[in-house]
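Here's the letter readout for the chains.
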Amino acid sequence: MTEASIPAKYYQVGTATVEVHPDRYAAGAAAARAASKALIELAKAHNSIGVIFATGASQFEILNELTRLPDIPWDQIRGFHMDEYVNLSADHPASFRRYLRERLTGKVSMKEFFEIDGSAPDPEQTSRNYAAKLRLADPQVCFLGIGENGHLAFNDPPVADFTDPLDAKIVLLDALCRQQQMAEGWFSSVEQVPDHAITLTIPTLLRVPKLIVSVPGLRKAMIVRRALEEAISTECPATILRTHPDATIYLDLESASELDDVLFSR
């Protein structure tokens, strides 16, 4: 049996669903199909649908597929993203605004898309304003990845707070997070990675009714195991996903490679 013909496997870990697909393309396509189905259903009951989009290497396949699928009600979607570096130009190759323009908003016509202006002179005010817009939009779907340190958005272990009173905040990025950004090719050295970012907080993400979590690749195998096996704590923020009533975590064989005993023991 070739890898491409290996059927997907499905598991339950806590209240979250885990899907293991043969490769990152199959995982991304499955996540995109699930998102499309949810958005089409939401469009029947909502004139406006708030959606939070993630960035980074984990989202390449899902965004590529999502922007090609038919019948998605883009003209009803108000889009947001979950984080942006502070004091990084929107034109920089690592800017998440640029990322989403190239891979999402430049390909589909949304009702609206709200960018986080990390270049604004007052990041704290930018953070507050963005949080207010997001609250009004009442997002129904959120796309996520999991960082190599277990972060959700830019909520690294030192700053993650499961009861955070803020919807968005300024955070200091930890060393492992900055190393990942460099290793994925967004920056040529760790020193070039900004120290701070604006991020949506964990309670903000968990309030969204449907979470679509894409975590492909061998570099993520260890943190996927931690996220699904460790006690729920901010030492690995992604562990909190196991408490969400409608979170689906899409893996490929590489990112699931350390999981056999974890999944089969459930």
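Note that this is a predicted model, so its numbers are computed, not measured.

*Asks:* Looking at this structure, I do not really get the overall build of the protein. What am I missing?
*Replies:* When its secondary structure is counted, the protein shows 8 helices and 11 strands. The C-alpha atoms of the protein give a radius of gyration of 17 Å, which matches the 18 Å a tight globule of 266 residues would have. Along the three orthogonal principal directions, the C-alpha set of the protein runs to about 55 × 45 × 35 Å. For the protein, with 266 residues in total, the buried portion stands at 56%. Considering only intrachain contacts with a sequence separation of at least 6, the fraction spanning at least 24 residues in the protein is 76%. Roughly 11300 Å² of accessible area belongs to the protein as shown, and the carbon and sulfur atoms make up 52% of that amount. Placing the 26 positive and 36 negative side-chain charges of the protein at their respective mean positions leaves the two points 4 Å apart.

*Asks:* For this particular structure, what's the right way to read empty space enclosed by the protein?
*Replies:* Considering all chains together, one arrives at 2 cavities of 30 Å³ or more under this definition. Of the voids in this model, the largest cavity is the one considered here, and its volume is about 230 Å³. Here the residues of the lining of the largest cavity are counted per class, giving 8 nonpolar, 9 polar and 3 charged. Counted as a void, the second largest cavity has a volume near 40 Å³.

*Asks:* Any chance you could explain the packing of aromatic side chains here in plain terms?
*Replies:* What characterises a pair of aromatic rings is the spacing of the ring centres plus the angle enclosed by the ring planes. Under the counting rule described, the total for this entry stands at 8 aromatic pairs. Look at phenylalanine 80 and tyrosine 130: their rings are 5.6 Å apart centre to centre, the planes differ by 80°, and that puts the pair in the edge-to-face class. Here the residue phenylalanine 80 occupies a position in strand β4 (residues 77–81), and tyrosine 130 occupies one in helix α4 (residues 123–137), the gap between them amounting to 50 residues. Per residue, the accessibility class of phenylalanine 80 equals that of tyrosine 130, and both read buried. Taken together, the ring pairs in this structure connect Phe53, Phe113 and Phe143 into an aromatic cluster. Residue placement shows arginine 103 over the ring face of tyrosine 99; its charged tip is 4.4 Å from the ring centre.

Basis of the calculations
- Residues numbered from 1 in each chain as written.
- Predicted model: local features only at pLDDT ≥ 70, side-chain atom pairs only at ≥ 80, totals over all residues.
- Heavy atoms only, no water.
- Helix = DSSP H or I, 4+ residues; strand = E, 2+ residues; numbered from the N terminus.
- Rg over C-alpha atoms; globule rule 2.2 N^0.38 Å.
- Buried < 20%, exposed > 50% of the residue type's maximum accessible area, 1.4 Å probe, protein only.
- Contact = heavy atoms within 4.5 Å.
- Areas by Shrake-Rupley, 256 points an atom, 1.4 Å probe, with all protein chains shown as cover.
- Lys, Arg positive; Asp, Glu negative; His and termini not counted.
- Charge placed at Lys NZ, Arg CZ, Asp CG, Glu CD.
- 1 Å grid on protein atoms, 1.4 Å probe; cavity = no way out; pocket = protein on both sides within 12 Å on 5 of 7 lines; lining within 4 Å.
- Points joined across faces, edges and corners; volume = space filled by probe spheres on them.
- Nonpolar A, V, L, I, M, F, W, Y, C, P; charged D, E, K, R; others polar.
- Phe/Tyr/Trp six-rings, centres within 6.5 Å; stacked < 30°, edge-to-face > 60°.
- Lys NZ or Arg CZ within 6 Å of the ring centre and 35° of its normal.

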